[in-house]
Amino acid sequence: MRAADSARAPRASESLRLDARRCALIIQDMQNDVVMEGGAFASTGSAQHCREQNAIANIARLAERCRAFGVPVIHVWFVVPPGGKGMTLNAPLFEGVVDANAMVRGTWGAAPVPGLEPRPGDHVVEKNRMSAWEGTMLETILKAEGRDVIIETGAWTNMSIEHTARTGADKGYVMVIPEDACSTMNADWHRASINYAMQSVALVTTTDASIAALG
């Protein structure tokens, strides 16, 4: 990946290096309804896969490292008004969100998972689409912070994470995906995204490698 010296596929003799002055961390859709037992979508396997990936703990470690190096942390939450007011039902995904009464503003389901609550100085972006870009302030924040390398984490790998990575690449951002800081409904869906589409739009790495790269 030649787009940026600070985030390119390392050669065999190199380690990944990330310029903290150019990076931002996105923590996307890590909300109770999305990845926790008792959440609206736990029956899909999402809570189990999140545990298998150790995604919450991995994201928390990476967020601490980012804050220590002055890297902005941006929480992106899917938030639905009560009754689904204003939500379009043009896709099965959005129908499913409304039918499940999921991520409703002010409820436990819409709240961030324990351990990934915003800290002072973090940014919070709300959306009601898959992509973190669509109809949000994300790009305004990135421009204000002067960031063009995005470390993207969260749920679900093959939906919001991939969709955001694709659009980010189109917009000219370098997308870095620590795959063990992402989760979805099961390992098969995760691998299908990570091993195929993501290879063309992002630099796929790990939490440990990302943490080390910021040092």
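Residues numbered from 1 in each chain as written. Predicted model: local features only at pLDDT ≥ 70, side-chain atom pairs only at ≥ 80, totals over all residues. Heavy atoms only, no water.

Asks: In this structure, what is going on with the pairing of strand β1 (residues 23-28)? I would like to understand it.
Replies: Two faces belong to every sheet, and in a regular strand the side chains alternate between them. Of all 6 residues in β1, 6 are buried, a share of seventy percent or more. The side-chain alternation of β1 yields two buried faces, one formed by Cys23, Leu25 and Ile27 and the other by Ala24, Ile26 and Gln28. As paired elements, β1 and strand β4 (residues 149-155) share 6 bridges and run parallel to each other. Pairing of Ile27 across the sheet is with Thr153, part of β4. As paired elements, β1 and strand β2 (residues 73-78) share 4 bridges and run parallel to each other. Its bridge partner being in β2, Ile27 is matched across the sheet by His75. (Buried < 20%, exposed > 50% of the residue type's maximum accessible area, 1.4 Å probe, protein only. Helix = DSSP H or I, 4+ residues; strand = E, 2+ residues; numbered from the N terminus. Pairing = 2+ DSSP bridges.)

Asks: I keep staring at the environment of Thr164 and nothing clicks. Help me out?
Replies: Within the secondary structure, Thr164 sits in helix α6 (residues 157-171). Overall, the relative accessible area of 0% leaves Thr164 in the buried class. Sequence separation between Thr164 and Glu117 is 47 residues, and the spatial gap between their C-alpha atoms is 21 Å. Among residues more than four places away in sequence, those in contact with Thr164 are Gln28, Met130, Ser131, Ala132, Trp133, Glu152 and Met175. Here the side chain of Thr164 touches Ala132 through a polar contact of 2.9 Å, landing on its backbone nitrogen. (Contact = heavy atoms within 4.5 Å. Polar contact = N/O pair within 3.5 Å; in protein donor to acceptor, adjacent residues only side chain to side chain.)

Asks: Can you walk me through the state of the cysteines in this structure?
Replies: Tallying each qualifying case throughout the model produces 0 disulfides. Take Cys182: it sits in no disulfide, and the sulfur closest to it among the cysteines is that of Cys50, at 10 Å. Residue Cys182 is classed as buried on the basis of its relative accessible area of 0%. (Disulfide = S-S within 2.5 Å.)

Asks: Teacher, can you tell me more about the layout of surface pockets here?
Replies: Over the atoms, a rolling probe the size of a water molecule traces out where space has been left empty. Here the largest pocket is characterised by a volume of approximately 210 Å³. Phe41, Leu93, Val97, Met103 and Trp156 are, among the 14 residues lining the largest pocket, the residues nearest its centre. Secondary-structure elements contributing two or more residues to the lining of the largest pocket are α4 (92-99) and α6. For the lining of the largest pocket, the leading source of residues is α4, giving 3 residues. For the lining of the largest pocket, a count of residues per class yields 10 nonpolar, 2 polar and 2 charged. In this structure, the second largest pocket encloses a volume near 180 Å³. Lining of the second largest pocket is provided by Leu16, Arg17, Leu18, Asp19, Ala20, Arg21, Phe69, Ala212, Ala213, Leu214 and Gly215. A breakdown of the residues in the lining of the second largest pocket according to their chemical character gives 7 nonpolar, 1 polar and 3 charged. (1 Å grid on protein atoms, 1.4 Å probe; cavity = no way out; pocket = protein on both sides within 12 Å on 5 of 7 lines; lining within 4 Å. Points joined across faces, edges and corners; volume = space filled by probe spheres on them. Nonpolar A, V, L, I, M, F, W, Y, C, P; charged D, E, K, R; others polar.)

Asks: Quick question: what am I supposed to make of the pattern of salt bridges here?
Replies: Any two side chains of opposite charge can pair, so long as their charged atoms come close to each other. For the structure shown, the criterion picks out 12 salt bridges. With a closest N to O distance of 3.1 Å, Lys127 and Asp29 form a salt bridge. Taken as a pair, Lys127 in strand β3 (residues 123-127) and Asp29 in the loop between β1 and α1 (32-35) lie far apart in primary sequence, 98 residues in all. Comparing Lys127 with Asp29, the two get one shared label, buried. For the salt bridge of Arg191 with Asp188, the shortest nitrogen-to-oxygen distance reads 2.6 Å. Taken together, the residues span about one helical turn, with Arg191 and Asp188 both in helix α7 (residues 187-201) at a distance of 3 residues. Among the charged side chains, a salt-bridge network with shared partners connects Glu64, Arg67, Arg119 and Asp122. (Salt bridge = Lys/Arg side-chain N within 4 Å of Asp/Glu carboxyl O.)

Asks: Teacher, can you tell me more about unusual backbone geometry here?
Replies: Across residues other than glycine, the phi torsion is negative in most instances, and most of the peptide bonds are trans. A cis amide bond links Ala155 to the next residue, Trp156, at an omega of -20 degrees. Its place among the elements puts Trp156 in the loop between β4 and α6. The backbone of Asp29 shows a phi angle near 60 degrees, a positive value even though the residue is not glycine. The phi dihedral of Asn101 falls on the positive side, at around 55 degrees, and the residue is not glycine. You can see Asn101 is positioned in the loop between α4 and β3. Assessed through its relative accessible area of 54%, Asn101 is described here as exposed.

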